[in-house]
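Below, each chain spelled out in residue letters.
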Amino acid sequence: LAKTTQPISMDSYEGQEVNITCSHNNIATNDYITWYQQFPSQGPRFIIQGYKTKVTNEVASLFIPADRKSSTLSLPRVSLSDTAVYYCLLDALNRDDKIIFGKGTRLHILP
Amino acid sequence: SAVISQKPSRDICQRGTSLTIQCQVDSQVTMMFWYRQQPGQSLTLIATANQGSEATYESGFVIDKFPISRPNLTFSTLTVSNMSPEDSSIYLCSATPLGPYEQYFGPGTRLTVT
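Residues numbered from 1 in each chain as written. Chains lettered and ligands numbered in written order. Predicted model: local features only at pLDDT ≥ 70, side-chain atom pairs only at ≥ 80, totals over all residues. Heavy atoms only, no water.

Undergrad: Could you clarify how one ought to interpret the overall build of chain B in this entry?
TA: Summing up its helical and strand segments, chain B has zero helices and 11 strands in all. The order of helices and strands in chain B, counted from the N terminus, is β-β-β-β-β-β-β-β-β-β-β. For 114 residues, the compact-globule estimate of 2.2 N^0.38 gives 13 Å, and the C-alpha radius of gyration of chain B, at 13 Å, lies within 12% of that figure. Expressed along its principal axes, the backbone C-alpha trace of chain B runs to roughly 40 × 25 × 20 Å. Counting every position in chain B, which comprises 114 residues, the buried fraction comes to 50%. Long-range pairs, those at least 24 residues apart, make up 55% of the contacts in chain B with a sequence separation of at least 6. (Helix = DSSP H or I, 4+ residues; strand = E, 2+ residues; numbered from the N terminus. Rg over C-alpha atoms; globule rule 2.2 N^0.38 Å. Buried < 20%, exposed > 50% of the residue type's maximum accessible area, 1.4 Å probe, protein only. Contact = heavy atoms within 4.5 Å.)

Given below as structure tokens:
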């Protein structure tokens, strides 16, 4: 049973900001929200991780509302190379719970 | 961060044989994991490789079929035993470095069983 729900696919255009939302209604107190990016024939790559409010790094921003039941990955000014599958994952520091990857969001950037 | 390599990158094996996949990390890590991913599908966790003790397997995966070793903090192996065509998949190793908790993944091993 997946802990997270994301849109199956999204299309956007180069230069646009892309927001991918992930629902996790049953998030636990010790769960962190982690996003990964995966290109074809490669392993997933860590993008960003957060617990609450907003986290920003050189690649993306992660917005988490106060109830933590959802999160939004924001990719600024996407390019064709951002075409990939994006996974939202709940990850607990103590890892007592099973790590479950959801189906991911297939993002397709158009020229 | 951590850089992870896997060997082999791909292999074609005959039914009934076994293949051992190696995972090497360039630094010491606390936890290592093995996943399976069918092409176009999401990842499924097979087991957590524990250093110095038996691996912890997820539901649907057993030690006799997927024996795992982890002799030290930088290396692990996954063996796919008595293979059948249903074992054809991509097998991925990941690791969590000391301190941060994000996972770093290897490039995967593409296994085809004929």
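Undergrad: Even after reading the chapter, I still don't get the packing of aromatic side chains, so can you show me in this structure?
TA: The geometry of an aromatic ring pair comes down to the distance between the two centres and the angle between the two planes. Counted according to the given criterion, the structure contains nine aromatic pairs over all chains. Seen from their ring centres, Tyr32(A) and Tyr51(A) are 5.2 Å apart, and the 55° between their planes marks the pair as tilted. A residue pair is termed long-range when its members are at least 10 positions apart, and Tyr32(A) in strand E3 (residues 31-38) and Tyr51(A) in the loop between strand E4 (45-50) and strand E5 (53-56) qualify at 19 residues. Where Tyr35(B) meets Phe105(B), the ring centres are 5.5 Å apart and the plane angle is 45°; that geometry is what we call tilted. With Tyr35(B) in strand E4 (residues 29-37) and Phe105(B) in strand E10 (residues 104-105), the pair connects residues that are 70 residues apart, well separated along the chain. Cation over ring: Arg68(A) sits above Tyr51(A), and NZ or CZ is 3.9 Å from the ring centre. (Phe/Tyr/Trp six-rings, centres within 6.5 Å; stacked < 30°, edge-to-face > 60°. Lys NZ or Arg CZ within 6 Å of the ring centre and 35° of its normal.)

Undergrad: Whenever I open this one, the confidence of the model for chain B confuses me. Can you help?
TA: The predicted structure's coordinates, where accompanied by low pLDDT, should not be read in detail. Across chain B, the average pLDDT comes to 93, with 97% of residues at or above 70. Of all the helices and strands in chain B, strand E6 (residues 56-57) of chain B carries the lowest mean pLDDT, 92, while strand E3 (residues 19-25) of chain B carries the highest, 98. (pLDDT = per-residue confidence, 0-100.)

Undergrad: Looking at this model, I keep getting lost on the interface of chain A and chain B. Mind explaining?
TA: Frequently, the measure chosen for interface size is the accessible area removed from exposure when the parts meet. The partner chain B presents 19 residues to the 19 residues of chain A that form the contact. Of the roughly 1600 Å² buried between chain A and chain B, counting both surfaces, carbon and sulfur atoms make up 54%. At the boundary of chain A with chain B, the tally comes to five residue pairs in polar contact (both at pLDDT 80 or more). Elements supplying a minimum of two residues to the side of chain A that touches chain B: E3, E4 and strand E8 (84-92) of chain A. Ranked by residues supplied to the side of chain A that touches chain B, first place goes to E8(A) with three residues. The class makeup of the residues in the side of chain A that touches chain B is eight nonpolar, six polar and five charged. (Buried area = accessible area lost by both parts, 1.4 Å probe. Polar contact = N/O pair within 3.5 Å; in protein donor to acceptor, adjacent residues only side chain to side chain. Nonpolar A, V, L, I, M, F, W, Y, C, P; charged D, E, K, R; others polar.)

Undergrad: What's the story with the sheet that holds strand E8 (residues 75-80) of chain B in this structure? I'm lost.
TA: Sheets are built from strands paired through backbone hydrogen bonds, the pairs being either parallel or antiparallel. Residues and elements named next belong to chain B. Taken together, four strands build an open sheet; the order of strands is E1-E3-E8-E7 and the sheet is antiparallel. The strands lining the two open edges of the sheet, one partner per strand, are strand E1 (4-7) and strand E7 (68-72). For this sheet, the mean inter-axis angle between neighbouring strands, taken without regard to orientation, is 15°. As defined by bridge partners, E7 adjoins E8 across three bridges and the pair is classed as antiparallel. Looking across to E8, one finds that Ile 68 is bridged to Leu 78. (Pairing = 2+ DSSP bridges. Axes fitted to C-alpha atoms, helices over the stretch in contact; angles between N-to-C directions.)

Undergrad: Could you clarify how one ought to interpret the side chain of Lys65(B) in this entry?
TA: Residue and element names in this part refer to chain B. Tracing the sequence through the fold places Lys 65 in the loop between E6 and E7. Of note is the side chain of Lys 65, whose polar atom sits 3.1 Å from the backbone oxygen of Asn 82. If sequence neighbours within four positions are ignored, Lys 65 has contacts with Thr 79, Val 80, Ser 81, Asn 82, Met 83, Ser 84 and Asp 87.

Undergrad: Just checking my understanding: could you explain the sheet that holds strand E1 (residues 9-13) of chain A for this structure?
TA: Residues and elements named next belong to chain A. Spatially, E1-E9-E8-E3-E4 is the arrangement adopted by the five strands of the open sheet, whose pairing is mixed. At either margin of the open sheet sits one strand with a lone partner, and together these are E1 and E4. In this sheet, neighbouring strand axes are inclined to one another by 25° on average, regardless of whether the strands run parallel or antiparallel.

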